[in-house]
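So you can see what is in the structure, the chains are spelled out below.
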Amino acid sequence: MHQIACHECDLIHDIPPMPTRGAACCVRCGAVLLRAQANSIDRTIAWTTAGLVLYVVAVTFPFLAMRSGSIIQETALLTGIQQLYSQGIYMLAFLVLLTCILIPLGQMLGLLYIFIPLKLNVRVKFAIPVFRLFQHFKPWSMMEIYMLGILIAMVKLGKMATIVPGLAVIAFGLLIFVLNFAITAVDSHMVWERLGGES
Amino acid sequence: MKVALISARKAGMVSCHDCHLLSRMPKISGQQVAHCPRCGVVLHQRKPNSIMRTWALVITAMIFYVPANVLPMTVTSALGTTQADTIMSGVIYFIHSGSWEIALVVFVASIFIPFLKFIIIIYLLLSVQFKSIKRPRDRTILYRITGAVGRWSMVDIFVVTILIALVQLGFLANIAAGPAAIYFATMVVITMVAAESFDPRLIWDVVDEKHE
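Please read all numbers here as calculations on a predicted model, not as lab measurements.

Enquirer: Please clarify how the overall build of chain A should be interpreted in this entry.
Expert: The helix and strand tally for chain A stands at 7 helices and 7 strands. Expected size for 199 residues packed as a compact globule is a radius of gyration near 16 Å; at 21 Å, chain A overshoots this value by more than 25%. Each principal axis of the C-alpha distribution contributes one length, and for chain A these read about 70 × 40 × 30 Å. The 199 residues of chain A split such that 41% are buried. Contacts spanning at least 24 positions in sequence make up 59% of the contacts within chain A whose residues lie at least 6 apart.

Written as structure tokens, this is what we have:
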């Protein structure tokens, strides 16, 4: 039994030992206080590793191609960012690079950096700040929004050309789900207890 | 799950913003700060200057909202003619070309959601400042909604990124990002930070005070 205060209304709750897959909600405002995950460590490592493989495919393989008559324009995931950069809109190039490329990669590397040592029962430096950053960056990972953007762009260009999706788009689409599974498998209460208990 | 029906602040406790450890709030004075015994982050019972910071951010975002909507988002040049499109003219283009679903998605994500967020955040701020005790649970849900939907406004920026990747020089047409893009992106980022800087516990502090 331990106590926790609701992060949205500050009400103190006594939390009994949680059943696996159980969730505790605030009785006053309804916020989810904690969610216990079964096999959190193994599942997080498995999904994250799968995510890294898909990530490599998504970044290196052809992303979208546009065919109009005999002209074919092939692009990679990074092409749009390079174009923004060459048009001199550096801030936008940086923002897209961050939200769709760097933060998702950082999330996966960060998760492995925290969870592999937890699995092996060893301590690593900076695990606490890395996990803190992971939590803070969560809303800034925007791959699923980028996917919606692809859909809209395809409709917009559909009239003047044929859009051919490449292997990277499929990998990118799968990565959205896989990364989401990895993040959902994280039992942050357990992680903080283990990271804090070791120091 | 047992509930003591007392807020952490009233009990002299503090919940860590990062690791959610509940600990006793140490007595601090002046420039001193308290650190979480588990993860080491600086402890605050409430987000510091939440009301003022949120006001400043939401007003800044509203200022950026104007050029983001008035200026062109994309500039398309094809066969010697150039055409500048704002967000709204993009929506109208989709309606005329028969894809009203896409028109709706773009309108909701780019125009409606930011506007809705301004209204909700200002309403939450005023309700706390005027010490309203009406429907605190619903207001907390509104806070949760603003946190969840704001990021979807970025979709228009990504559409522009994909368009300029696909349609480049040497093609029949060329698309460049317009001046609105940077204002729009800044606006979305600032509203996301604004929603994050509001502390929903302030809603419940008023309720707790009135119950005494």
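Enquirer: For this particular structure, what's the right way to read the nonpolar core?
Expert: Among soluble globular proteins, nonpolar side chains are generally buried collectively. Within the largest apolar cluster, 118 residues are counted, with the highest numbers of intra-cluster contacts made by Leu-92 of chain A together with Ala-181 and Phe-184 of chain B. The greatest single-element share of this core, amounting to 13 residues, is contributed by helix 6 (residues 180–197) of chain B. Ignoring anything within four residues of it in the chain, the contact list for Phe-184 of chain B reads Ala-68, Met-73, Asp-156 and Ile-157 of chain B.

Enquirer: Explain the domain arrangement of chain B to me, please; I cannot follow it from the model alone.
Expert: Here chain B is described as being made up of domain 1 (1–45) and domain 2 (47–211). The gap between the C-alpha centroids of domain 1 of chain B and domain 2 of chain B is 33 Å.

Enquirer: Would you take a moment to explain the sheet that holds strand 5 (residues 64–68) of chain A for this structure?
Expert: Within a beta sheet, neighbouring strands are joined by backbone hydrogen bonds and run either parallel or antiparallel to one another. Residue and element names in this part refer to chain A. If you walk across this open sheet you meet the 3 strands as 6-5-7, and the pairing is antiparallel. Edge positions in the sheet fall to strand 6 (71–75) and strand 7 (162–165), since each of these pairs with one other strand and no more. Each strand of the sheet is rotated relative to its neighbour by a mean of 20 degrees, with strand direction disregarded.

Enquirer: Help me understand the packing of helix 2 (residues 79–86) of chain A against helix 5 (residues 155–166) of chain B in this model?
Expert: For any two helices packed against each other, the geometry is given by the interaxial angle and the distance between the axes. One can describe the packing of helix 2 of chain A onto helix 5 of chain B by two numbers: an axis separation of 8 Å at closest approach and a directional angle of 90 degrees. Considering the angle they form, helix 2 of chain A stands roughly perpendicular to helix 5 of chain B. Here helix 2 of chain A contributes Thr-79, Gly-80, Ile-81, Gln-83 and Leu-84 of chain A to the contact with helix 5 of chain B, which in turn contributes Thr-161, Ile-162, Ile-164 and Ala-165 of chain B. Residues that form the contact of helix 2 of chain A with helix 5 of chain B fall into these classes: 5 nonpolar, 4 polar and no charged.

Enquirer: Mind showing me how you'd approach helix 6 of chain B here?
Expert: Quick reminder: α-helices carry 3.6 residues per turn. Residues three or four places apart thus point the same way. End to end, helix 6 of chain B covers 25 Å across 18 residues, agreeing with the expected 26 Å (1.5 Å per residue, within 8%). Most of helix 6 of chain B sits inside the fold, with 15 of its 18 residues counted as buried.

About the cut-offs
Residues numbered from 1 in each chain as written. Chains lettered and ligands numbered in written order. Predicted model: local features only at pLDDT ≥ 70, side-chain atom pairs only at ≥ 80, totals over all residues. Helix = DSSP H or I, 4+ residues; strand = E, 2+ residues; numbered from the N terminus. Rg over C-alpha atoms; globule rule 2.2 N^0.38 Å. Buried ≥ 20, exposed ≤ 12 C-beta atoms within 10 Å, placed from the backbone. Contact = placed C-beta atoms within 7 Å. Core = buried A, V, L, I, M, F, W, Y, C linked by C-beta atoms within 7 Å. Domains from an automatic or database assignment. Pairing = 2+ DSSP bridges. Axes fitted to C-alpha atoms, helices over the stretch in contact; angles between N-to-C directions. Parallel < 35°, antiparallel > 145°, perpendicular 65-115°, else oblique. Nonpolar A, V, L, I, M, F, W, Y, C, P; charged D, E, K, R; others polar. Expected span 1.5 Å × (residues − 1).

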